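Structural overview for review
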Amino acid sequence: MNHLVRVGAMGHVGRFRSADGLGYRRGQRVIVRTARGLECGEVLSDDPGSQAESDGPLLRRMTDADEMLAERLRRNRDAASEACVRLLAERGSNAVLLDVEHLFDGRGLYFYFLGDVDSTTEAISAELADAYNAEARFGQFADALEQGCGPGCGTAEAENGCGTAGGCATCAVASACSR
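Attention in this report is confined to the structure presented alongside it. (Residues numbered from 1 in each chain as written. Predicted model: local features only at pLDDT ≥ 70, side-chain atom pairs only at ≥ 80, totals over all residues. Heavy atoms only, no water.)

1. A short note on the sheet that holds strand β1 (residues 2-7)
Operational definition: When DSSP finds at least two bridges between two strands, those strands are taken to pair. Every helix listed is a DSSP run of H or I at least four residues long, and every strand listed is a run of E at least two residues long, numbered separately from the N terminus. Note on definitions: angles span 0 to 180 degrees between N-to-C directions of axes, and those axes are lines fitted to C-alpha atoms, for helices only across the stretch in contact. The contact criterion used throughout is that any non-hydrogen atoms of two residues lie within 4.5 Å.
In space, the five strands of this closed barrel follow the order β1-β2-β5-β3-β4, with mixed pairing throughout. Each adjacent strand pair in this sheet contributes to an overall mean axis angle of 50 degrees, direction not counted. As defined by bridge partners, β1 adjoins strand β4 (residues 37-46) across five bridges and the pair is classed as antiparallel. The residue bridging Val 7 from the neighbouring strand is Gly 41, located in β4. Running at roughly 70 degrees to strand β3 (residues 29-34), helix α1 (residues 64-90) makes contact with β3, β4 and β5 (56-61) of the sheet.

Have a look at this one:
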């Protein structure tokens, strides 16, 4: 059974096939495997009739242990964000940190900056990722602003219904949507 699940700091919505064949209800927190790794997600709806290709497996509902791990990762993310802002200021960088995301598998630490990432910013991000035993990765926030939630964002032709009434609720850049 396919489900629409929102994952990541930028609110990507993807189709995930239930590995156990079970249905999951709206709002339920789940673990999914994406191209980036293991991530926490929120079920938006089931998609039973969809024959579209899956973005990955929906592995399970989040357990109490998963929630505790997610909380620890959230604290790591907050600490990495504060440290990054401090180090950027100390080193005189003009980079603007928008968000930090620590994937559920703990391996990926994503930094979202406004604009291009210079060598100073890369070095700071790498230092912080090393401190959390993760790999520093950079999210494409500028692409999200340009493309929105996918092809046709904000129009009736949008692949995910973004341009329809209420469809922008799942868009990461809904506030900038021109519809």
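2. Quick look at the packing of aromatic side chains
We describe a pair of aromatic rings using the distance from one ring centre to the other and the angle between the two ring planes. Let me state the cut-off plainly: Two rings from Phe, Tyr or Trp (for Trp, the six-membered ring) form a pair when their centres are within 6.5 Å of each other. A pair whose planes differ by under 30 degrees is stacked, one over 60 is edge-to-face, and the rest are tilted. Exposure is judged per residue with a 1.4 Å probe applied to protein chains only, and the accessible area is read against the type maximum: over 50% gives exposed, under 20% gives buried, and values in between give partly exposed. Consider the ring centre and the ring normal. A charge sits over the ring if Lys NZ or Arg CZ is within 6 Å of that centre and within 35 degrees of that normal.
Inspection of the entire model under this criterion finds two aromatic pairs. Ring centres of Phe 111 and Phe 113 lie 6.3 Å apart, and the angle between their planes is 15 degrees; on these two criteria the pair is classed as stacked. Like Phe 113, Phe 111 is buried. Sitting over the face of the ring of Tyr 110, Arg 36 holds its NZ or CZ atom 4.3 Å from the ring centroid.

3. Thoughts on the environment of Leu 97
Relative to the assigned elements, Leu 97 resides in strand β6 (residues 96-102). Leu 97 sits 16 residues away from Phe 113 along the chain, and the two C-alpha atoms are 4.5 Å apart. Apart from the residues within four sequence positions on either side, Leu 97 is in contact with Ser 81, Cys 84, Val 85, Leu 88, Phe 111, Tyr 112 and Phe 113.

4. A short note on the nonpolar core
The tendency in soluble globular proteins is for nonpolar side chains to be buried as a group. Cut-off, in case you're wondering: Nonpolar cores were defined as sets of buried Ala, Val, Leu, Ile, Met, Phe, Trp, Tyr and Cys residues, with membership established by side-chain atoms within 4.5 Å.
The biggest cluster of nonpolar side chains holds 14 residues, and the ones touching the most others in it are Cys 84, Leu 97, Leu 109, Phe 111 and Leu 128. Listing elements by their share of this core, those giving two or more residues are α1, β6, β7 (108-114) and α2 (119-131). Judged by nonpolar contacts, the second largest core, of eight residues, contains Val 5, Val 7, Val 30 and Val 32.

5. As for α2
Rule in force here: A helix's residues, less one, multiplied by 1.5 Å, set its expected span. Taking the helix axis as origin, the arc is that swept by the directions to the C-beta atoms.
An ideal rise of 1.5 Å per residue puts 18 Å on 13 residues; α2 measures up with 18 Å between its terminal C-alpha atoms. Listed as buried for α2 are Thr 121, Ile 124, Ser 125, Leu 128 and Ala 129. On an axial view of α2, the arc spanned by its buried residues comes to 135 degrees, and they lie on one face. Facing away from the buried side of α2, by more than 90 degrees, are the exposed residues Ser 119 and Asp 130.

6. A look at the pattern of salt bridges
As a reminder, the rule being used: The term salt bridge refers to a side-chain nitrogen of Lys or Arg lying within 4 Å of a carboxyl oxygen of Asp or Glu.
Applying the stated criterion across every chain, the model contains 12 salt bridges. Among the ionic pairs, Glu 101 bridges to Arg 36, the shortest N-O distance being 2.9 Å. You can see Glu 101 sitting in strand β6 and its partner Arg 36 sitting in the loop between β3 and β4, a full 65 residues away along the chain. The exposure class assigned to Arg 36 is partly exposed, which follows from its relative accessible area of 24%. Where Glu 127 meets Arg 91, a salt bridge forms, and the shortest distance between an N and an O atom there is 2.8 Å.

7. A short note on the packing of α1 against α2
Each packed pair of helices is defined by two parameters, the angle between the axes and the distance between the axes. The condition that has to hold: Crossings are assigned a handedness: left-handed for a near helix turned anticlockwise from the far helix by less than a right angle, right-handed for a clockwise turn. Nonpolar residues are Ala, Val, Leu, Ile, Met, Phe, Trp, Tyr, Cys and Pro. Charged residues are Asp, Glu, Lys and Arg, and all others, Gly as well, are polar.
Orientation of α1 relative to α2, taken along the N-to-C sense of each, is 145 degrees, at an axis distance of 10 Å. Considering the relative orientation of α1 and α2, their crossing is right-handed. Contacts between α1 and α2 pair Ala 80, Ala 83, Cys 84, Leu 87 and Leu 88 from the former with Thr 121, Ile 124, Glu 127 and Leu 128 from the latter. Residue classes in the contact of α1 with α2 are distributed as seven nonpolar, one polar and one charged.

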